[in-house]
Amino acid sequence: MPLNDFLNNDSRAGNPDKRKRVFKKNTGSIPDIDDLYKGIIERDRAKLARAITLIESNASRHFESAQMLLEKLQSIKADSIRIGISGVPGAGKSTFIEALGTYLCSKGHRVAVLAVDPSSSLSGGSILGDKTRMEALAKNPRAFIRPSPTSGTLGGVHRKTRESITLCEAAGFDVILVETVGVGQSEAMVREMVDFFLLLVLTGAGDELQGMKKGIMELADAIIVNKADGSNLPYAQKTKNEYNGILHFIQPATAGWETKAYTCSSLTLDGIEEFWQVIGKFREVCGNSGVLQQRRKDQLKDWMSSLITEQLTNLFYQSHVVQKFLPEAQKEVMAGNKPAVKAVQELFDHFRDAMKE
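Presented here is a report on the structure given in the accompanying data block.

About the cut-offs
- Residues numbered from 1 in each chain as written.
- Predicted model: local features only at pLDDT ≥ 70, side-chain atom pairs only at ≥ 80, totals over all residues.
- Heavy atoms only, no water.
- Helix = DSSP H or I, 4+ residues; strand = E, 2+ residues; numbered from the N terminus.
- Buried < 20%, exposed > 50% of the residue type's maximum accessible area, 1.4 Å probe, protein only.
- Contact = heavy atoms within 4.5 Å.
- Areas by Shrake-Rupley, 256 points an atom, 1.4 Å probe, with all protein chains shown as cover.
- Core = buried A, V, L, I, M, F, W, Y, C linked by side-chain atoms within 4.5 Å.
- Pairing = 2+ DSSP bridges.
- Phe/Tyr/Trp six-rings, centres within 6.5 Å; stacked < 30°, edge-to-face > 60°.
- Lys NZ or Arg CZ within 6 Å of the ring centre and 35° of its normal.
- Expected span 1.5 Å × (residues − 1).
- Bend = angle between axes of the 7 residues up to and from the residue.
- Salt bridge = Lys/Arg side-chain N within 4 Å of Asp/Glu carboxyl O.

1. Comments concerning the overall build of the protein
Helix and strand content of the protein: 18 helices and 7 strands. Of all 357 residues assigned to the protein, the portion counted as buried reaches 47%. Long-range contacts, defined here as pairs at least 24 residues apart, represent 76% of the contacts in the protein between residues at least 6 apart. Here the protein displays about 17900 Å² of accessible surface, and carbon together with sulfur accounts for 53% of that area.

2. Brief notes about the nonpolar core
Counting residues in hydrophobic clusters, the biggest one holds 43 residues, and the most contacted among them are Leu 167, Cys 168 and Ile 223. For this core, the element with the most residues is helix α5 (residues 45–56), which contributes 6 residues. Beyond its immediate sequence surroundings of up to four residues, Leu 167 is in contact with Ile 40, Leu 48, Ala 51, Ile 52, Ile 55, Leu 69, Leu 70 and Leu 73. Ranked by size, the runner-up nonpolar core spans 36 residues in total, among them Ile 83, Ile 97, Cys 105 and Cys 264.

3. Side note on unusual backbone geometry
The phi angle at Lys 227 is positive, at roughly 60 degrees, despite the residue not being glycine. Counting through the fold element by element, Lys 227 comes out in the loop between β6 (222–225) and α14 (233–247). Notably, Leu 269 is not glycine yet its phi reads approximately 75 degrees, a positive angle. Structurally, the position occupied by Leu 269 is in the loop between β7 (260–263) and α15 (272–289).

4. Details of the environment of Thr 203
Tracing the chain through its elements places Thr 203 in the loop between β5 (196–201) and α12 (205–210). Residue Thr 203 is classed as partly exposed on the basis of its relative accessible area, which comes to 27%. Sequence-wise, Thr 203 and Pro 234 are 31 residues apart; in three dimensions their C-alpha atoms are separated by 9.5 Å. Contact partners of Thr 203, with chain neighbours within four places excluded, come to Val 225, Asn 232, Tyr 235, Ala 236 and Thr 239.

5. Observations regarding the pairing of β5
The element β5 is largely enclosed, with a buried count of 6 among its 6 residues. Burial of the side chains of β5 extends over both faces: Phe 196, Leu 198 and Leu 200 are buried on one face and Phe 197, Leu 199 and Val 201 on the other. Here strand β1 (residues 81–87) pairs with β5 via 5 bridges, running parallel. Counted as the bridge partner of Ser 86 is Leu 199 from β5. Here β5 pairs with β6 via 4 bridges, running parallel. Across the sheet, residue Leu 199 finds its bridge partner in β6, namely Ile 223.

6. Digging into the pairing of β1
Burial within β1 is extensive, with 7 of its 7 residues counted as buried. Every second residue of β1 is oriented toward a common face, with Ile 81, Ile 83, Ile 85 and Gly 87 on one face and Arg 82, Gly 84 and Ser 86 on the other, all of them buried. When β1 meets strand β4 (residues 175–179), the two strands line up parallel, connected through 5 bridges. The residue bridging Ile 81 from the neighbouring strand is Val 175, located in β4.

7. A look at the packing of aromatic side chains
The full count for this structure, using the stated rule, is 9 aromatic pairs. Summarising the aromatic geometry, the rings of Phe 348 and Phe 351 are spaced 6.4 Å apart at their centres and angled 85 degrees between planes, so their arrangement reads as edge-to-face. On the criterion of helical spacing, the pair formed by Phe 348 and Phe 351 is a turn pair, its members being 3 residues apart in helix α18 (residues 340–356). You can call Phe 348 partly exposed: its relative accessible area is 35%. Each residue in the set Phe 96, Phe 196, Trp 257, Phe 275 and Phe 282 is aromatic and connected to the rest through ring pairs, giving one cluster. Positioned over the ring face of Tyr 37 is Lys 72, at 4.7 Å from the centre of the ring. Note that Arg 110 overlies the ring of Phe 173, its terminal NZ or CZ placed 4.1 Å from the centroid.

8. As for helix α17 (residues 320–334)
Helix length check: α17, at 15 residues, gives a terminal C-alpha distance of 22 Å against a target of 21 Å (1.5 Å per residue), a fit within 8%. Maximum bend of α17: about 35 degrees, positioned at Leu 326, with proline Pro 327 one to four residues after it. Among the residues of α17, Val 321, Val 322, Leu 326 and Ala 329 are the ones counted as buried. Where α17 is buried, its residues touch α16 (291–318) and α18. Downstream of α17 by one or two residues, Gly 336 has phi in the positive range, about 80 degrees.

9. Quick look at the pattern of salt bridges
The full count for this structure, using the stated rule, is 13 salt bridges. A salt bridge links Lys 139 to Glu 135, with the nearest nitrogen and oxygen atoms 3.4 Å apart. Residues Arg 162 and Asp 302 are paired through a salt bridge, measuring 2.7 Å at the closest nitrogen-oxygen approach. Taken as a pair, Arg 162 in helix α10 (residues 154–170) and Asp 302 in helix α16 lie far apart in primary sequence, 140 residues in all.

Rendered as structure tokens:
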């Protein structure tokens, strides 16, 4: 199947295993970069989806084409806000995102949702069910939802999600929502690529904090106690007050900004408009102080560092010398015949000698 035919096949775009196999079979295919570029700037959601599929490919030819596309889009300046959204399982992230996204679309915004989806370390498969969980938002012509598998590596989140953000902004989406998988290391990675980081929690701050590391709260620019409706409303208010008391003792994630807790109901939509007003205040305060602009610059620097690391890793593992000696080195280490440190050093010695040739 030609690459362009594959990219037009939406039914396969969500399956990383099938996508990987098709790309492998068509390593000689070169995507039409000009066509993708034209589609993106014309705000064609289907072309945007195909472009993201391209940058998610691990094939070297597709990597080069993806970088060509990103370079062509570099001159497009976007006035956007990037919001990372995390929370413990059951906190209602998808429901909140659908409620917020629908509200923003009704106000004239264009919303892109990038859901970082963990791939199984055993099978390589991933759930990728966000379009099902956000059915109403997925049908909105002003919204775009893209679940992206991490392929078992946080580095994949680092590069591919960053590049997906760039593509979405070039396509005219002014609000980028990055949903993370839960409380863990991926949150710190996403924090480094967004402007504002939101933590969703449920009622019962005392019990909740027992299972939540202090570090995740230090990342947050706001905390929302979700599902604040019906008989749960008074408990949500109490939990909000408890979090605000705790936040006094935690250093704010953003200089010059005070992190506070709020309540929200994705069911009744109470608190959705208030949260967007918080975002507006954040942009005003941090924009005037220069903090937001510096954060974007730091993100570009960090992106560059991650690309260097990825390129060096690929260069090492693709070396014919490393591929020759690596299997035996692994056997020696697993058998206990050689320390891992020594085996690695020998591999790098072979690698350096090959680079000199």
